[in-house]
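The lines below spell out each chain.
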Amino acid sequence: MTTPAPPQYRPGPKYVLLLGSLAAVPAITTDIYLPSLPTVGAELGATAAAAQLTISGMLVGGAVGQLVIGPLSDRFGRRLPVLVGLLGHVLTSVLCMIAPNITALIALRVLQGFFNAAASVVAIAVIRDRFVGSDAARLLSRLMLVIGVAPLFAPAVGGAIAHAWTWRGVFGVLAGLGVALAVLVWRFMPETLPADRRRIAGPRGVARGYLELLRDRRFMALALIPGMAQAVIMSYVVGSTYVFQREHGLDANQFALLFAINGVALVGGAQVNAHLVKRLAPLRVLRVAIVVQAVLGLTLVAVTASGLGGLALMCVVLWLMLSMQGLVPGNASVLALNDYGHMAGTAAAFLGAMQAALGGLVAPIVGFTGGTGVSMVAVMTGSVLVGFTVLAVATPAYRRGGAWGAP
């Protein structure tokens, strides 16, 4: 079923900034906490792998949250679910501040991920309410500027907060962020899903919606690609603090600077994508970008394993690989959502759940395989190769005339 394009709408910079901030909540909640990860493990008597579960657990909670909150946003509109989710984020942040042990902290982070899902799924659903095709791809790329820039400074800010008030203070700041966003949504985010377009569906209706998506081979293939892209990012996120601080001896400030520089790669790639999709169909950009990223990933594994060029060359190739990230998940998501305007919340939730679940399930492999530089880049590259294989085998993307006529 193909949904007609929504009426033309031009969002202002403040509106884009608000949507981007909502979509960035999970990333900020992860990245501002990164410098504290070794300290959390030491203070709570946890292993590195257990401490990393406070990150991947949040992603798993986010996956479940997406599946629940997406259909609710199709039924009750966009504003109510995101406000409830932000208030839940505030509550769990406060409880994380007083967590007595690693088990409690992991459980609370899972719950925090569940509530954070409201912010990210509603931000994407709002875009689909008003845009399709290349227009949607351009707006997603602009959102990446916000999503990417905000976490650039999060590790540095998180490190400063932890230095002043310990890692528990980081969660206090996250609670304050949730309150601020809730106020902004309440005052400035209009409802984009009018009552006459809402899906009044009970549990069976929700199940039918997800079953419709599961039966759509094209959608499922395209949904898996952003999931593997998220696995790339999260493998880098959970491994980087150990690889660069412990294995290569960078201090907290040097690590924060390196993290920011690599964040520029993500932001820059997204802005390049925004210009490319003005002239090229999103699928055409996607099928080239994922090949380039796979080649860079294999090069990164070889450089890291051999030690050729030392840390400098490793960082250069890693930067180039991450720059391709801005051209892959956004285009795949737009293509997947194109035919599901009638259930944009449900479809966006499924996409988000795939991303959170695959990121949460794949990223711990880095810790369980030693947490070394080689294990980190190998997991990242393996994730890219899975995404490329799905695009090549399960879709007609690389076949003659295989662009699907995508806008």
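The structure presented is a predicted model; accordingly, all values stated were derived computationally and were not measured.

Cut-offs applied
- Residues numbered from 1 in each chain as written.
- Predicted model: local features only at pLDDT ≥ 70, side-chain atom pairs only at ≥ 80, totals over all residues.
- Heavy atoms only, no water.
- Helix = DSSP H or I, 4+ residues; strand = E, 2+ residues; numbered from the N terminus.
- Patch = residues over 30% accessible without salt bridge, like charges linked within 9 Å, V, L, I, M, F, W, Y side chains within 5 Å.
- Areas by Shrake-Rupley, 256 points an atom, 1.4 Å probe, with all protein chains shown as cover.
- Salt bridge = Lys/Arg side-chain N within 4 Å of Asp/Glu carboxyl O.
- Core = buried A, V, L, I, M, F, W, Y, C linked by side-chain atoms within 4.5 Å.
- Buried < 20%, exposed > 50% of the residue type's maximum accessible area, 1.4 Å probe, protein only.
- Contact = heavy atoms within 4.5 Å.
- Axes fitted to C-alpha atoms, helices over the stretch in contact; angles between N-to-C directions.
- Parallel < 35°, antiparallel > 145°, perpendicular 65-115°, else oblique.
- Left-handed = near helix turned anticlockwise from the far one by under 90°.
- Nonpolar A, V, L, I, M, F, W, Y, C, P; charged D, E, K, R; others polar.
- Expected span 1.5 Å × (residues − 1).
- Polar contact = N/O pair within 3.5 Å; in protein donor to acceptor, adjacent residues only side chain to side chain.
- Phe/Tyr/Trp six-rings, centres within 6.5 Å; stacked < 30°, edge-to-face > 60°.
- pLDDT = per-residue confidence, 0-100.

**Looking at unusual backbone geometry**
Phi angles above zero are rare outside glycine, and T166 is one such case at about 70 degrees. Among the structural elements, T166 can be located in helix 6 (residues 133-188).

**Digging into a nonpolar patch on the surface**
Nonpolar side chains collect at one region of the surface, where V64, V68, L72, F76, L80 and V84 lie side by side and expose about 490 Å² of accessible area between them. Among the elements of the structure, helix 3 (48-76) and helix 4 (79-97) are those that each provide at least two residues to the nonpolar patch. Among the structural elements, V84 can be located in helix 4.

**Details of the nonpolar core**
Counting residues in hydrophobic clusters, the biggest one holds 112 residues, and the most contacted among them are L105, M189, F219, Y236, F244, L286 and M376. When neighbours within four sequence positions are excluded, L286 is seen to be in contact with L222, I225, L327, V328, N331, A332, L335 and L391.

**Section: the packing of helix 8 (residues 217-247) against helix 11 (residues 310-323)**
At a closest axis distance of 13 Å, the pairing of helix 8 and helix 11 adopts a crossing angle of 160 degrees. The angle between helix 8 and helix 11 falls in the class roughly antiparallel. Considering how the two elements wind past one another, helix 8 and helix 11 form a crossing that is left-handed. Together, V232, I233, Y236, V243 and F244 of helix 8 and L311, M314, C315, L318, M321 and L322 of helix 11 make up the contact between the two elements. Across the contact of helix 8 with helix 11, the residue classes break down as 11 nonpolar, no polar and no charged.

**Things to note about helix 9 (residues 252-276)**
Across its 25 residues, helix 9 extends 36 Å between first and last C-alpha, which sits within 8% of the 36 Å expected from 1.5 Å per residue. Its side-chain oxygen 2.7 Å from the backbone nitrogen of Q254, D251 forms the N-cap of helix 9.

**A short note on helix 11**
Taking 1.5 Å of rise per residue, the 14 residues of helix 11 would be expected to cover 20 Å, and the 21 Å separating its terminal C-alpha atoms lies within 8% of that figure. Along helix 11, the residues that are buried comprise M314, C315, V317, L318, M321, L322 and S323.

**Some remarks on the side chain of S73**
In this structure, S73 sits in helix 3. Residue S73 is classed as buried on the basis of its relative accessible area of 0%.

**Things to note about the packing of aromatic side chains**
According to the stated counting rule, one finds 8 aromatic pairs in the structure shown. Arranged with centres 5.6 Å apart and planes meeting at 50 degrees, the rings of Y33 and F171 form a pair that is tilted. One end of the pair, Y33, is in the loop between helix 1 (13-31) and helix 2 (37-43); the other, F171, is in helix 6, and 138 residues separate them in sequence. With relative accessibility at 0%, the residue Y33 sits in the buried group.

**Section: the pattern of salt bridges**
Side chains that differ in charge, positive against negative, can pair when their charged atoms come close. One pass over the structure, following the stated rule, counts 1 salt bridge. For the salt bridge of E43 with R168, the shortest nitrogen-to-oxygen distance reads 3.5 Å. Here E43 is found in helix 2, whereas its partner R168 is found in helix 6, with 125 residues between them in sequence. We classify E43 as partly exposed; its relative accessible area is 45%.

**Some thoughts on the confidence of the model for the protein**
Here the protein averages 82 in pLDDT, while 86% of its residues score no lower than 70. pLDDT under 50 marks residues 1-8. Its contacts with residues more than four places away, or in other chains, come to 16 contacts.

**Looking at the environment of T103**
Topologically, T103 is positioned in helix 5 (residues 102-130). Sequence separation between T103 and T54 is 49 residues; the distance between their C-alpha atoms is 9.0 Å.

**Examining the environment of R284**
Along the polypeptide, R284 turns up in helix 10 (residues 282-306). Sequence-wise, R284 and N331 are 47 residues apart; in three dimensions their C-alpha atoms are separated by 9.3 Å.

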